[in-house]
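Now for the letters of each chain:
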Amino acid sequence: MAQLTRVSGSVGLITLQNPPVNALSAAVRQGIVDTVKKAVSDPLVKCVVICGQNGVFCGGADIREFGAPMTGPPLVPMIHAIEATNKPVVAAIEGAALGGGLELALGCHYRIIHSKARVGLPEVTLGLLPAAGGSQRLPRLIGVPAALELITTGRHVSAAEALKLGIVDQVTDDNTVDTTVKFALSVVGRSLESRRISTFPCPPVSDLDAVFDVAMQRVRQSARGAIAPVTCVQAVRAAATLPYTQGMKREQELMATLFTSGQARALQYCFFAQRAVSRWSMPSGARWDTSKPRPISKAAVIGLGTMGRGIAVALAQAGLSVVAVETQEKQLMDAKQAVSGMLERGAKRRGVAPALGLVSYSHNIQAVAEADLVIEAVFEDMDLKKKVFQQLSAVCKPGTLLCTNTSSLDVDHLASQTPSPELVVGMHFFAPAHVMKLLEVVYGPRSSPQAVATAMQLGKKMGKVSVAVGNCRGFVGNRMLKPYMEQAFFLLEEGATPELVDQALEEFGFAMGVFRMSDLSGLDVGWRVRKADGLVDPDATSGRSARIRQGRRYSPLGDLLCEQGRFGQKAGRGWYQYDKPGSRVAKPDPWLHNFLEQYRARHGLGVRHIDHQEVLERCLYALINEGFRILEDGIAAGPEDIDAIYVFGYGWPRYRGGPMFYAGMVGLANVLERLEHFHQVHPDVPYLQPCSLLRRLVASGSPPIQKWREVIRKVHSQL
Ligand code: 3H9
């Protein structure tokens, strides 16, 4: 777990050994305590170097241990003991020094880093604060403003920036351990008095109160209800205002408030869920570890509207050569300019050269003939997409993977347009496609495991959280959105306003409430879909029949707004009003309130008082219920897949872990009881009828979310 060897005659080299990231498990901590003690007491050892096995210094405390009672030596005294030694201790940082890993390095007297390594205190992203002295040492080392920014965002810092900030003493391109060993020998005999960060005074800041007020305001605004960023500010304030020992006491007290919080549990669940989704499986039994992806070096994008442009940028930024095809000359010219601009801006942000040369443009679909993979991103229209797929089948070389960027159309139906349906998968990107983290990889019943593996690997290369899901209407994300939005419409009919519904959801932590979101994405999108589904009936203006379609309760409110041209932000009016078309500032609209009153009167709907709790229960539990149906249907392999989709693509607050995790937190029995109640009150709303998987989970004692897959497997084996 930590090995001590003597190198170069008098250097005690301690190697952390806990693959893959040398997390500071109880055994590693014990190993460090033991080896440091041994090295310090060995007269032949003049200095100590701490490094990590396999090219990674240390990924921090072992997050998997957080759920159980603490065992092994604690970090804080361990790091103090290192700092207090009379022999120089130098950290050799390769790969990453994050969280407790950086805190360990800050306890060393010097830090040498490889140019490709990064450091950071990302505890805040796990609902915690750097509580092994990080919140007290970092401000002392690099000053309050820089430390505040790093600790409250959890941002990873490159080696070059770490040097500039003063976190490390030297950057090397050579072998980090060899360089550090030489460095350690060179400082033997020098005084260590000025190297113990805990003894530094915090660099003074003029107008300390103002700095912290601004920081607190910033984190409260961006955290939208998350408690850890606020607590991190308080911890840094302790560093700036208290002597070190008292600051450490405060750090521990603040950590105690976070450590067992629901938010920390949710964020740590998200950390593992994000990684779990890459271990995908299909109902056929095909899996990530038995399916080999194909190498992709040349990709093509068909259709250069908003989505196509973003996809081309994402592919080029991942280093792929891209053929971008758009048949309309004007659109092609516009797209060329837009894609180049996005690539240039992205490159500037990341400090790299823009990948302009990787993208070639054509108005001829023949240009994709040599592509290994094609992503079709034309308008969301089945007939158009079918035509494109037929053309692609004729043009592409054998074996080319054909992907469709659809948000809801039947991937299997599209696959049937090609002679090789096994080569077809859906790649559902989210706008803007080069920014949004989520990618739904949709497999149809005939998609080959290799096609899925290739799309998943491509997603990873583009930096996406890719989730493999089955083919159904709306896949996972949009399928669950439907009952959520439906409830929001019903709540308006029953007496709520868009402002009330949005406020409840935004206070819950959503980036945007359902109506502001609908205004942003455009009301006409859903209208077109409802029309295609035969749900829109402009003649049914009053009476019960106007609110019952295809045998179930239906709210025509969205259709009525569209008939008035209220398509949302782009029209300058929707559920809210805007100063002008395209403006983003939503204001309550008296016209809409009046319209709702008239609508309710026309339909004889009584108005009741609706509170935030009801908004949350109706909207969220309907969404969660559909999530259980998705699991029951085998469209998502596990709850982590659904949660990752909602956290990374739908603005679900990460500190609430995702909808399925949230259901577990509020209690499955509670969710079931409320759904039963609402379904009794609204028997004409099938989405409120509790899913049988939810009933089954409750009947089996509401197991923790990690055990749901066992129950789901049983359900599937009985089908
Ligand atoms: C902390 O330090 C608290 C202290 O301040 C105070 C305490 C008192 N623990 O991401 P990858 C696993 S809090 C346990 O795919 P990469 C990960 O789950 C900690 N496991 O690799 C995965 O497992 P699997 C603060 C961990 O190369 C495997 O390692 N530290 C930990 O893309 C590979 O991970 C952080 O927040 C851990 N700490 O990225 C850093 N870290 O294969 C968290 C990773 O079963 N870690 N695993 O799915 C990371 O950001 C990335 O893992 C890292 C490597 C950049 C290190």
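Right above here is the structure, for reference.
Since we're looking at a predicted model, the values are computed, not measured.

1. Focus on the state of the cysteines
On inspection of all chains with the given rule, the structure shows zero disulfides. Summary of cysteine pairing: Cys108 is not part of a disulfide, and the nearest cysteine sulfur, belonging to Cys58, is at 11 Å. Judged by its relative accessible area of 0%, Cys108 is buried. As a non-bridged cysteine, Cys403 has Cys396 as the owner of its nearest cysteine sulfur, 10 Å distant.

2. Here's the deal with the site of the ligand
Residues in close proximity to the ligand total 26 residues, the closest being Ala61, Gly100, Glu103, Glu123 and Arg275. In the model, a nitrogen atom of the ligand is placed 2.9 Å from a nitrogen or oxygen of the Gly59 main chain. Side-chain polar atom of Glu123 to an oxygen atom of the ligand: 2.5 Å apart, as the coordinates give it. Protein chains bury 75% of the 1,000 Å² of accessible surface belonging to the ligand in isolation. Listing elements by their share of the shell around the ligand, those giving two or more residues are helix H3 (100-107) and helix H11 (262-276). The element best represented in the shell around the ligand is H11, accounting for three residues. In terms of residue class, the shell around the ligand is built from 15 nonpolar, four polar and seven charged.

3. Digging into unusual backbone geometry
The residue after Pro19, namely Pro20, is reached through a cis peptide bond having omega 5°. Looking at the secondary structure, you find Pro20 in the loop between strand E2 (11-16) and helix H1 (26-41). Geometrically, the link from Ala431 to Pro432 is a cis peptide bond, its omega value of -10° lying close to zero. With a phi angle near 45°, Ser8 is a residue other than glycine that sits in the positive phi range. Counting through the fold element by element, Ser8 comes out in the loop between strand E1 (2-7) and E2. The phi dihedral of Arg224 falls on the positive side, at around 40°, and the residue is not glycine. Positionally, Arg224 belongs in the loop between helix H8 (208-223) and helix H9 (228-241). Exposure remark for Arg224: the relative accessible area of 35% places this residue in the partly exposed category.

About the cut-offs
- Residues numbered from 1 in each chain as written.
- Predicted model: local features only at pLDDT ≥ 70, side-chain atom pairs only at ≥ 80, totals over all residues.
- Heavy atoms only, no water.
- Disulfide = S-S within 2.5 Å.
- Buried < 20%, exposed > 50% of the residue type's maximum accessible area, 1.4 Å probe, protein only.
- Near = heavy atom within 4 Å.
- Polar contact = N/O pair within 3.5 Å; in protein donor to acceptor, adjacent residues only side chain to side chain.
- Areas by Shrake-Rupley, 256 points an atom, 1.4 Å probe, with all protein chains shown as cover.
- Helix = DSSP H or I, 4+ residues; strand = E, 2+ residues; numbered from the N terminus.
- Nonpolar A, V, L, I, M, F, W, Y, C, P; charged D, E, K, R; others polar.

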